[in-house]
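Each chain, written out:
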Amino acid sequence: MLIKKIKKIGLLLYCVVGLITTGVAQTNCDKINELNTRLLVLPNDTSKVNVLNELAYEYLIIDKDMTYKYAKSAYELAKKLNYRIGEGKALIYLGKQHYRKALEFDSTLSHYQEALSLFENENSLKHVAEAHEAIGEHFHDLFYLNKEAHYAEALKSYQQAIAAFRQWKPQRKMNEMEREYLANLYQKIAELYTVTEQDDEALKYSRKSIRLKQKLGKYQNNFDFQFINGRVKRLTRTLRKERYTRYGLFGAIGLLVLLTILLLLNNGQKLKVNKKLKQQTRDLEKKNQQIKQQNTEINRQNKDIELANFELTEISEKEKAQKEAIQEANNELREKNEEILSQRKQILESNQELNKKNEEIQFQYQQLEKSNEKFLKANQLLNTMLDEIEQKNEKIKATVIDLEQQRDNLSSAKTELEKLQRSKARLTAMVAHDLRNPLNVVVGYSNPDSSIRIDGDTKKHIYKASQRINSLIDDMLDVQKYAESDLPIDKSQDKLFQTAQDAINELSIFAEQKGLDLQNNISSQWESLYDGKYIRRVFENLLTNAIKFTPNGGKILFEAQENPQNDNLVVSVTDTGEGIPADKFKEIFEPFNQLDARNFANTSSTGLGLAFCKMAIEAHESQIQVASTLGVGTRFFFELPKILVTDNLTPNTATNSTDQSSELVFSEEDKLFLAPYLSELRKYELYEISDLEKVLQQIQVTDRPHLEAWKTKLKSAIDNYNETEYQRLIELATIN
């Protein structure tokens, strides 16, 4: 009888599941189409990872291969974007695919545990609950496959999932979907307790699940809900009967005890009472045994029902797969039948055409002499039509080629526009950045509230800062003005040594700030024909780059050597800086393109300096070239006409820009002597030159001649606005 009831219930479940599956399949198709449409327009960001994971979930039941494909894509993209939540969700779907496709238990559990670790690191309690649920389902399935050792793990994982989910959001704040999720977790725990015959716990969690689902109106007419609710009611009645039976048994035992006491008072009936008590005790034991057997039978029936439900689920999935296979086969047969019908239709049409042609041939045989001219005209007409068709095809091809060319032109124009927009944005940022430093110098010295005295040195600082601003603006205007035309050149014979020295004098203050050894080794006997204004700016731009990329204490060298292959001079500027990679030689001469956006003092970093150098040297009918070794240095060089002047020779080297004197040494007595003066010096900024000089004048070193060198160096650092050297000298004289 029990098996028949289970079969009836299974048949009813199968029908209901079939109806539900049909509706779900249609819903899944619509959802999948919508997700695939969104996937086509999304960029490679976290939203695309979420859509890929949704597709993996939608395909989880209907197509395991597609589940693996989308979950794998989501995992790889999330890992690339460092999107841990998306990566963990993809791992869960990959684990489910492994289990459903090949029953790979270890691989499945490994994926779930890795996802749990990612969620815990992100402190996402909602997703931690989902990972615990997946692990619980895994152990739950192993338990149904007669691996009872995993019961405790399944129960523990479900309880951890409930704890994490309720910690994430209190039940009173949950929406309908979240309450439904919590109710399903309660029901899964109830199923485990039911199978393991722990009826009280099963009843407790089933009631929690039912109470939550009763608040959701959509479950009132749900078959699964009513089936579970009925089972809970039956289990409640059974437990209630058991309790009543126990209470009755205890009452009977109490009455027997009381009766025994009364009968003991009657000595005459003692033997008869003993016999009756023994008989009643045996009857009670039989009843108790019958109750235990009934409880065992009820538990066995519950277990049979659970196993039957599990088998029905597996059978339903297999039948569903078979139905899908049959559906696919029917679709293929339908397509083949349609192809055969189409072929038959074509054959019939061909036969009809052949019959018509046969009739025409018979008629033509009969009217052969009369129709010769008609055939010739028809052939000519046919040839004319074919020629027209070919001409139209050629026009169509030409139109397609024109459209493709227009598309390519539009794409190129778009790319160029984007490039111009990026250049515009970069130019705005770099110009604002590069003009700020020299303007700060001008503003600082010209501030009416400042105590700086406007003397010769101050004017020199303001003048040099203004010159840097002017040079920067000239570079921008010249590169923009002559980008597509020739730079106008006014050549005259001039001394290369002096032109280079003028550029060095203009920028020597910045070389001094870094302690660079700046040498002009161009012989004064060499002159050349060139535009002095532009070649000087070339020297300034090359020297600016050399100072910028040469570390403190480095060396920069100006040279001019004869080229044995022609009558030209090879003019070069060499530094001991960081060097330039060989694959970047071409890029550095493009406007607004630079390898490093570093900046110091008032030097420019717009990327226009080398672009102007290239333009100016090419206007002199020469080429600027670069040779560099990473970590060793860089050499820029170009050629100019050679003119030898033998008279008026002068030394061709310039003094170092830094004083290479020996290191200063201070005694403790010297430091104590200088301490109050250093305290006064620290009150002022470096640009407050007049205040700093007043403090220096107070330091009398006539009786300490060895401090004269330190005072001289400190004054030089203030005059040259060399903050690095200034701070170094202050620290040397400070008491540790």
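Residues numbered from 1 in each chain as written. Predicted model: local features only at pLDDT ≥ 70, side-chain atom pairs only at ≥ 80, totals over all residues. Heavy atoms only, no water.

Description of the overall build of the chain
Right, so step 1: Tallying secondary structure elements over the chain gives 20 helices and eight strands in all.
Right, so step 2: Burial status across the chain gives 38% buried among its 736 residues.
Right, so step 3: Sequence separation of at least 24 residues holds for 70% of the intrachain contacts in the chain that already meet a minimum separation of 6.
Right, so step 4: In the form shown here, the chain has an accessible surface area of approximately 44700 Å², with 52% of it arising from carbon and sulfur atoms. (Helix = DSSP H or I, 4+ residues; strand = E, 2+ residues; numbered from the N terminus. Buried < 20%, exposed > 50% of the residue type's maximum accessible area, 1.4 Å probe, protein only. Contact = heavy atoms within 4.5 Å. Areas by Shrake-Rupley, 256 points an atom, 1.4 Å probe, with all protein chains shown as cover.)

Brief notes about the sheet that holds strand 4 (residues 555-562)
Right, so step 1: Pairing within the open sheet is mixed, and its five strands lie in the order 2-4-5-7-6. Only two strands of the sheet have a single neighbouring strand rather than two, namely strand 2 (517-520) and strand 6 (625-629). Between one strand axis and the next, the sheet turns by 20° as a mean value, whatever way the strands run.
Right, so step 2: Bridge count for strand 6 against strand 7 (residues 633-641) is five bridges, and the pairing is antiparallel. Within strand 7, the residue paired with T629 across the bridge is G633. (Pairing = 2+ DSSP bridges. Axes fitted to C-alpha atoms, helices over the stretch in contact; angles between N-to-C directions.)

A short note on unusual backbone geometry
Right, so step 1: Phi is positive for N82, close to 60°, though the residue is something other than glycine.
Right, so step 2: Structurally, N82 is set in the loop between helix 3 (64-81) and helix 4 (84-102).
Right, so step 3: Residues other than glycine seldom take positive phi values, yet E621 does so here, at roughly 60°.
Right, so step 4: Considering the arrangement of structural elements, one finds E621 in the loop between helix 16 (609-619) and strand 6.

Focus on the pattern of salt bridges
Right, so step 1: Enumeration according to the criterion identifies 15 salt bridges in this entry.
Right, so step 2: Measuring nitrogen to oxygen at the nearest pair gives 3.3 Å for the salt bridge that ties K204 to E201. Here the residue K204 and the residue E201 both occupy positions in helix 9 (residues 199-214), the gap between them amounting to three residues, near one helical turn.
Right, so step 3: The partly exposed category is assigned to K204, whose relative accessible area is 38%.
Right, so step 4: On the accessibility criterion, E201 (27% relative accessible area) is partly exposed.
Right, so step 5: Between R536 and E506 there is a salt bridge, and its shortest N-O distance comes to 3.5 Å. (Salt bridge = Lys/Arg side-chain N within 4 Å of Asp/Glu carboxyl O.)

Quick notes on the sheet that holds strand 8 (residues 643-644)
Right, so step 1: Strands sit in the order 1-3-8 across an open sheet of three strands; the sheet is antiparallel. Here the strands that pair on one side only, and so sit at the sheet edges, are strand 1 (492-495) and strand 8.
Right, so step 2: The sheet contact formed by strand 3 (residues 526-530) and strand 8 spans two bridges and is antiparallel. Looking at the pairing, W526 lines up with L644 of strand 8.
Right, so step 3: Helix-sheet contacts for helix 14 (residues 496-513) involve strand 1 and strand 3, and the interaxial angle to strand 1 is about 70°.

With respect to the packing of aromatic side chains
Right, so step 1: Counting across every chain of the model gives 12 aromatic pairs.
Right, so step 2: Judged by centre distance (6.1 Å) and plane angle (90°), the ring pair of F666 and W710 falls under edge-to-face. Of this pair, F666 sits in the loop between strand 8 and helix 17 (668-681) while W710 is found in helix 19 (residues 708-719), placing the two residues 44 residues apart along the sequence. The two residues F666 and W710 agree in class, both being buried.
Right, so step 3: Grouping aromatic residues by their ring pairs yields a cluster made of F165, W168 and Y181.
Right, so step 4: The residue whose ring lies beneath K69 is Y70, and the NZ or CZ to ring-centre distance is 5.5 Å.
Right, so step 5: Just above the ring of F637 sits the side chain of R635; from NZ or CZ to the centre is 4.5 Å. (Phe/Tyr/Trp six-rings, centres within 6.5 Å; stacked < 30°, edge-to-face > 60°. Lys NZ or Arg CZ within 6 Å of the ring centre and 35° of its normal.)

Observations concerning the pairing of strand 5 (residues 568-575)
Right, so step 1: Where burial is concerned, most of strand 5 is hidden: six out of the eight residues are buried.
Right, so step 2: In the sheet, strand 4 pairs with strand 5 via seven bridges, with the strands oriented antiparallel. Bridging across to strand 5, F558 finds its partner in V573.
Right, so step 3: Hairpin connection between strand 4 and strand 5: a loop of five residues separates the two successive antiparallel strands.
Right, so step 4: Sheet analysis places strand 5 next to strand 7, joined by eight bridges and oriented antiparallel. Looking across to strand 7, one finds that V573 is bridged to F636.

Comments concerning the packing of helix 2 (residues 46-58) against helix 3
Right, so step 1: One can describe the packing of helix 2 onto helix 3 by two numbers: an axis separation of 8 Å at closest approach and a directional angle of 160°. For the element pair helix 2 / helix 3, the angle class is roughly antiparallel. When the axes of helix 2 and helix 3 are compared, the crossing they make is left-handed. Between helix 2, through T46, K48, V49, L52, N53, L55 and A56, and helix 3, the contact on the second element is made entirely by T67, Y70, A71, S73, A74, L77, A78 and L81.
Right, so step 2: Class assignment for the residues of the contact of helix 2 with helix 3 results in 10 nonpolar, four polar and one charged. (Parallel < 35°, antiparallel > 145°, perpendicular 65-115°, else oblique. Left-handed = near helix turned anticlockwise from the far one by under 90°. Nonpolar A, V, L, I, M, F, W, Y, C, P; charged D, E, K, R; others polar.)

Concerning helix 5 (residues 105-122)
The α-helix winds at 3.6 residues per turn, so residues separated by three or four positions along the chain end up facing the same way.
Right, so step 1: Under the 1.5 Å per step criterion, the end-to-end length of helix 5 is 26 Å for 18 residues, consistent within 8% with the ideal 26 Å.
Right, so step 2: Burial in helix 5 covers these residues: T108, L109, H111, Y112, A115, L116, L118 and F119.
Right, so step 3: Trailing helix 5 by a residue or two, N123 shows a phi angle of about 55°, which is positive. (Expected span 1.5 Å × (residues − 1).)

So, the confidence of the model for the chain
Right, so step 1: Here the chain shows a mean pLDDT of 76. Residues at 70 or above account for 69%.
Right, so step 2: In the model, residues 1-25 has pLDDT below 50 throughout and makes 17 contacts with residues more than four positions away in sequence or in other chains.
Right, so step 3: With pLDDT under 50 throughout, residues 596-605 is counted as low confidence; its partners more than four residues away or in other chains account for 36 contacts. (pLDDT = per-residue confidence, 0-100.)

Notes on the packing of helix 7 (residues 151-168) against helix 8 (residues 176-195)
Packed helices, taken two at a time, are described by the angle their axes make and the gap between the axes.
Right, so step 1: Close contact between helix 7 and helix 8 brings their axes to 10 Å; oriented N to C, the two are set at 160°. One finds that helix 7 runs roughly antiparallel with respect to helix 8. Helix-helix and strand crossings are classified by hand; for helix 7 and helix 8 the assignment is left-handed. Contacts from Y151, A154, L155, Y158, Q159, A161, I162, F165, R166 and W168 of helix 7 reach helix 8 at E178, Y181, L182, L185, Y186, K188, I189, L192 and Y193.
Right, so step 2: Tallied by class, the residues present in the contact of helix 7 with helix 8 amount to 15 nonpolar, one polar and three charged.

Some details on a nonpolar patch on the surface
Right, so step 1: Together, L382, L386 and I389 make up a nonpolar patch on the protein surface, roughly 260 Å² of accessible area in all.
Right, so step 2: Looking at the secondary structure, you find L386 in helix 12 (residues 368-446).
Right, so step 3: The class of L386 is partly exposed, set by a relative accessible area of 42%. (Patch = residues over 30% accessible without salt bridge, like charges linked within 9 Å, V, L, I, M, F, W, Y side chains within 5 Å.)

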